[in-house]
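An overview of the molecular structure
The lines below spell out each chain.
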Amino acid sequence: MSCYLAPGVQLTAVSPAPYTALTLQEVAAAEEAAAAEQVPADGTRVRVLASVEARDRAGRWPLAYELTLKARSGRWEVTALQSGTAKDGGGR
């Protein structure tokens, strides 16, 4: 699945970067449309949960990002992002 930022959505880079590495562990869709072989009609919205493992000098940190995606022109675009820690105790 390829994703792009929707027009008007801006993300500011965190500086300095808090982690030295980030590994995608899993992407889970809340709606079936997100798992379809083709991107559905323009305007279709889905939510996905991206679970990642971040690393720094102190250790490994399980993180989760809930993304809201919207179909446009045959691709998914990110329209919203919520972050948090995965499960219990992942934060520092």
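Residues numbered from 1 in each chain as written. Predicted model: local features only at pLDDT ≥ 70, side-chain atom pairs only at ≥ 80, totals over all residues. Heavy atoms only, no water.

**With respect to the pairing of strand S4 (residues 59-72)**
Consecutive residues of a regular strand have side chains that alternate between opposite faces of the sheet. Filter applied, for reference: Only strands joined by at least two bridges in the DSSP assignment are considered to pair. Only DSSP runs of H or I covering at least 4 residues are called helices, and only runs of E covering at least 2 are called strands; the numbering of each starts at the N terminus.
For strand S3 (residues 45-56) and S4, the ladder comprises 12 bridges, and the chain directions are antiparallel. When the bridges of S4 are listed, leucine 49 appears paired with glutamate 66. Hairpin connection between S3 and S4: a loop of 2 residues separates the two successive antiparallel strands.

**Here we look at the pattern of salt bridges**
What counts is decided by this rule: Think of a salt bridge as a Lys or Arg side-chain nitrogen and an Asp or Glu carboxyl oxygen that are within 4 Å of each other.
If you walk through the whole model with that rule in mind, you get 4 salt bridges. The salt bridge involving glutamate 53 is made with arginine 55; its shortest N-O contact spans 3.2 Å. Put simply, Glu53, Arg55 and Arg60 are held in one network by salt bridges that share partners.

**Let's talk about the environment of alanine 50**
Quick note on the threshold: The contact criterion used is simple: two residues touch if any of their non-hydrogen atoms lie within 4.5 Å.
Locating alanine 50 in the fold gives a position in strand S3. The spatial distance from the C-alpha of alanine 50 to the C-alpha of valine 27 is 4.5 Å, given a sequence separation of 23 residues. Ignoring anything within four residues of it in the chain, the contact list for alanine 50 reads Leu24, Glu26, Val27, Leu63, Ala64 and Tyr65.

**Here's the deal with the side chain of glutamate 53**
Applied cut-off: Exposure is judged per residue with a 1.4 Å probe applied to protein chains only, and the accessible area is read against the type maximum: over 50% gives exposed, under 20% gives buried, and values in between give partly exposed. Definition of a polar contact: a pair of N or O atoms within 3.5 Å, with one able to donate and the other able to accept a hydrogen when the atoms are protein atoms, and with sequence-neighbouring residues admitted only if both atoms are side-chain atoms.
Tracing the chain through its elements places glutamate 53 in strand S3. For glutamate 53, a relative accessible area of 18% corresponds to the buried category. Of note is the side chain of glutamate 53, whose polar atom sits 3.2 Å from the side chain of arginine 55. When neighbours within four sequence positions are excluded, glutamate 53 is seen to be in contact with Ala21, Leu22, Thr23, Gln25, Arg60 and Trp61.

**A word on the nonpolar core**
As a reminder, the rule being used: For the purposes of this section, nonpolar cores are sets of buried Ala, Val, Leu, Ile, Met, Phe, Trp, Tyr and Cys residues that join through side-chain atoms within 4.5 Å.
Ala34, Val46, Val48, Leu67, Leu69, Ala71, Trp76 and Val78 form the largest nonpolar core, which has 8 residues in total. Of all the elements in the fold, those that place two or more residues in this core are S3, S4 and strand S5 (75-85). At 3 residues, S4 tops the list of elements feeding residues into this core. Residues within four places of valine 46 in sequence aside, it is in contact with Glu31, Ala33, Ala34, Leu67, Thr68, Leu69 and Trp76.

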